[in-house]
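# Overview (structure and organization)
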Amino acid sequence: MDLTAKIIKIVDFMGSTIFGTFHIRAKMFIYYSIAVLLVYMIIKRKFYLSKIKSIPCKKSLPLFGHTLILLAGPKSIGNLVKTFQQECKRICTVWFGPVPCIVVYNAEDMQTILRNSKEIPKGQSYNFLRPWLGESILISDGQKFRQNKKILVQTFHKTNLLDFLPIFNDNADNLIQNFAKHVGKGEFATDLYLATGAMFNLLGTTLGVHRDILTEEEAFNYSLSVEKMGEFVFTRNIKFWLRPDIFFYFSNLKKKQDDHLNILNNLTERVILSKKKEFDERKSSSITEFDENKKVLFLENFFSATKLNGEPFTLKEIKDEVMTMMFAGQDTTTVTLGFVLSLLGIHQDVQVSMHFIELLFNNKVYKELEEILGYSDRDINYEDTQKMVYLEQVIKETWRLYPPINSIMRVPIKDINLGQYVFPKGTTLLCSIFLLHRNEEYYHDSHRFNPERFNSDNDKNRPPYSFLPFSEGVRKCIGSKYAMLVVKVFLAKILSQYRVICNQKQRDFKLSLQLTVRRKEGFLISLEPRK
Ligand code: HEM
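In this text, all values refer to a predicted model and were calculated from it rather than measured experimentally.

Analysis parameters
- Residues numbered from 1 in each chain as written.
- Predicted model: local features only at pLDDT ≥ 70, side-chain atom pairs only at ≥ 80, totals over all residues.
- Heavy atoms only, no water.
- Helix = DSSP H or I, 4+ residues; strand = E, 2+ residues; numbered from the N terminus.
- Buried < 20%, exposed > 50% of the residue type's maximum accessible area, 1.4 Å probe, protein only.
- Polar contact = N/O pair within 3.5 Å; in protein donor to acceptor, adjacent residues only side chain to side chain.
- Contact = heavy atoms within 4.5 Å.
- Donors = N, O, S within 2.8 Å, 3.2 Å for Na, K, Ca; no water.
- Near = heavy atom within 4 Å.
- Nonpolar A, V, L, I, M, F, W, Y, C, P; charged D, E, K, R; others polar.
- Pairing = 2+ DSSP bridges.
- Axes fitted to C-alpha atoms, helices over the stretch in contact; angles between N-to-C directions.
- Salt bridge = Lys/Arg side-chain N within 4 Å of Asp/Glu carboxyl O.
- Core = buried A, V, L, I, M, F, W, Y, C linked by side-chain atoms within 4.5 Å.
- UniProt positions renumbered as here; feature names shortened; annotations may be inferred.
- Expected span 1.5 Å × (residues − 1).
- Phe/Tyr/Trp six-rings, centres within 6.5 Å; stacked < 30°, edge-to-face > 60°.
- Lys NZ or Arg CZ within 6 Å of the ring centre and 35° of its normal.

### Let's talk about the side chain of threonine 196
Assignment of secondary structure puts threonine 196 in helix α9 (residues 191-207). Residue classification places threonine 196 among the buried residues on the basis of a relative accessible area of 4%. At 2.8 Å, the side chain of threonine 196 forms a polar contact with the backbone oxygen of leucine 192. Not counting residues up to four positions away in its chain, the partners in contact with threonine 196 are Ala219, Phe220 and Ser223.

In structure tokens form, the structure reads like this:
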């Protein structure tokens, strides 16, 4: 008997075992129930669709929605922005296959959403991050979020940030040494140097370990895996058929994800276990030797803290938080540095204060650094960073054009009525920081790099919730001050040593708008010595 005949026989047998012994009335009952369920689902769907009807939507294909367009990617980022700005001015529905998602990019709706974290929580929107970040602060809501946030915010308090400065300076010097190999030798990709620099900062400041514990290869692999994991999560969101776990588990993407997760898990566990051993030995050796003030923030806070139920945090829970810090803090600062260097490399007028330009543009970055640091390559202290006013404008303008986290997601737990439209319960709201920052309503000539937008006068005139690189409200980034400090130290060190050149035009950047915004071609720059 061939295989097909065998299968038919098995199906026949199963059908008669399930239904054959049933009374005819029982069979009819099952058929009617299925029909009623289908009708109920169709009505429910129609009712749901009527709620989002008033939100503008670009033409889409049945079943596939906008997925094919999203997969092909915009021909240029300018096209994408134009489409949103001209066809759907403030808000629009995008279909990921049969699943709608409301994209928001106006300040008023952003405010409504981000201020109402009780009725519009993160919910299930970050589910695909769970295999990587577990139930960490970035993903959880409610009590678990509040419990973990209490411990984490201590780490990022201003008084602690000052203690991090020697670590930032040391790692910036290490980066300069790596850059030195490329000085005067043309264009090179800075991505992995910047990523490992950002990673070493986090290792030092949150875990209390020096970069020496890793080989160069381990550091590169870890940084690459963080980037890849972001890519996989994004792909799973767009390719709607990979959303259900059952399909994802048998996909090639899952295999690749597991490989990168292994790299991240192994290294993180290794560091946590060695620090835990050190912590326990120090604590038990002698009470007097255990200096509370010297404890390593973040990690040791988790070792000594207890949860709301009085139990200590498990290794898995601590690992989830560490992985979250390494993701939230590494990729974001890496791309910030990459974009600032690229933009300054293009806009030489902003970077260098040549004599005649100085008359037109005072306060340019290099002039400012020269005034603060003289010609010395000494370490940067906190007071120095406070004087870097123009550099701060440049960083903020870079965050406006290329917000590292380009969008965040929320899911309302009840219908949110906004007058002209409704955010229905259970629908993903995608708050696009990228599109908000290019909204002509708030930023005239929005594609142009112009740090003057952030001078003290212009800063006051911007409507609330129109500049959100770190989001806002209860779920605002906890690392915003840390990020500004580390970026200033790194840029001050790089720019006072080297003149940065970037040969691409800004409009030729090939952007990938995944979890973080990046240049697909890499952050390509060349360096010339300053002195
Ligand atoms: C340029 C640098 C950074 C940018 C642009 C940035 C941006 C953001 C944004 C937009 C969010 C909100 C995410 C959401 O609501 O879904 C966020 C959350 C978060 N960020 Fe950052 N971040 C940066 C650096 C950092 C650093 C350095 C750390 C820590 C080392 C950090 C830790 C976190 C954490 C833990 C959250 C979750 C907060 C919560 O859910 O309540 N970030 N960040």
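### Regarding the coordination of the iron atom of the ligand
Donor atoms from the protein around the iron atom of the ligand number only one, Cys477 (SG), found at 2.3 Å. With respect to the element layout, cysteine 477 can be found in the loop between α21 (456-460) and α22 (480-497).

### Details of the site of the ligand
In the vicinity of the ligand there are 26 residues, among which Lys122, Tyr126, Arg410, Arg475 and Cys477 approach most closely. Between the ligand and lysine 122, the relevant distance is 2.8 Å, taken from an oxygen atom to a side-chain nitrogen or oxygen of the residue. The separation between an oxygen atom of the ligand and a polar side-chain atom of arginine 410 is 2.8 Å. Elements that contribute at least two residues to the shell around the ligand include exactly α14 (315-346), β4 (407-410) and α22. Here the shell around the ligand is composed, by residue class, of 18 nonpolar, five polar and three charged.

### Brief notes about the sheet that holds strand β2 (residues 99-104)
Spatially, β1-β2-β7-β4 is the arrangement adopted by the four strands of the open sheet, whose pairing is mixed. Each edge of the open sheet is held by one strand with a lone partner, namely β1 (91-96) and β4. Pairs of neighbouring strands in the sheet enclose a mean axial angle of 30°, with direction left out of account. Across four bridges, the pairing between β4 and strand β7 (residues 428-432) is antiparallel. Looking at the pairing, isoleucine 408 lines up with cysteine 431 of β7.

### Here we look at the pattern of salt bridges
Under the criterion given, the structure shown has 34 salt bridges. Put simply, aspartate 141 and arginine 475 hold a salt bridge, and the shortest N to O gap is 2.9 Å. Linking aspartate 141 in the loop between α6 (130-133) and α7 (142-155) with arginine 475 in the loop between α21 and α22, this pair joins segments that are 334 residues apart in sequence. For arginine 453, the salt bridge identified is with glutamate 397, shortest N-O distance 3.0 Å. Of this pair, arginine 453 sits in the loop between α20 (433-436) and α21 while glutamate 397 sits in helix α19 (residues 389-401), placing them 56 residues apart in sequence. Salt bridges sharing common partners tie together Glu392, Lys396, Asp459, Arg462 and Lys488.

### Topic: the nonpolar core
With 139 residues, the main nonpolar core has Trp132, Phe179, Val365, Phe423, Leu491 and Leu495 as its most contacted residues. Of all the elements, α14 adds the most residues to this core, at 13 residues.

### Some remarks on the UniProt feature "binding site: heme" (unreviewed entry) in the protein
Residues annotated in UniProt with the feature "binding site: heme" (unreviewed entry) correspond here to Cys477. Cysteine 477 sits in the partly exposed class, given a relative accessible area of 34%.

### What about α9?
Relative to the 24 Å expected for 17 residues at 1.5 Å per residue, α9 spans 23 Å between its end C-alpha atoms, a close match to the ideal helical length. Just downstream of α9, glycine 208 is the residue with a positive phi angle, here 75°.

### Considering the environment of arginine 90
Looking at the secondary structure, you find arginine 90 in the loop between α4 (77-87) and β1. Taking relative accessible area as the criterion, arginine 90 reaches 27% and is therefore assigned partly exposed. Each C-alpha atom of the pair arginine 90 and valine 103 lies 8.8 Å from the other, and the pair is 13 residues apart in sequence. Setting aside its immediate chain neighbours within four residues, arginine 90 contacts Val104, Tyr105, Asn106, Glu108 and Glu441.

### Focus on the packing of aromatic side chains
Counting across every chain of the model gives 21 aromatic pairs. Taking the centre distance of 5.2 Å and the plane angle of 80° together, the rings of phenylalanine 168 and tyrosine 482 count as edge-to-face. In this pair, phenylalanine 168 sits in helix α8 (residues 158-180) while tyrosine 482 sits in helix α22, placing the two residues 314 residues apart along the sequence. Across the pair, tyrosine 482 and phenylalanine 168 agree in class, each one buried. Measuring from centroid to centroid gives 4.9 Å for tryptophan 399 and phenylalanine 470, while their planes differ by 80°, and the two rings are edge-to-face. Linking tryptophan 399 in helix α19 with phenylalanine 470 in the loop between α21 and α22, this pair joins segments that are 71 residues apart in sequence. One exposure class covers both tryptophan 399 and phenylalanine 470, and it is buried. Of the aromatic side chains, those joined through ring pairs into one cluster are Phe156, Phe164, Phe168 and Tyr482. One residue, arginine 236, lies across the ring of phenylalanine 248, its end atom 3.9 Å from the ring centre. Note that arginine 475 overlies the ring of phenylalanine 145, its terminal NZ or CZ placed 3.6 Å from the centroid.

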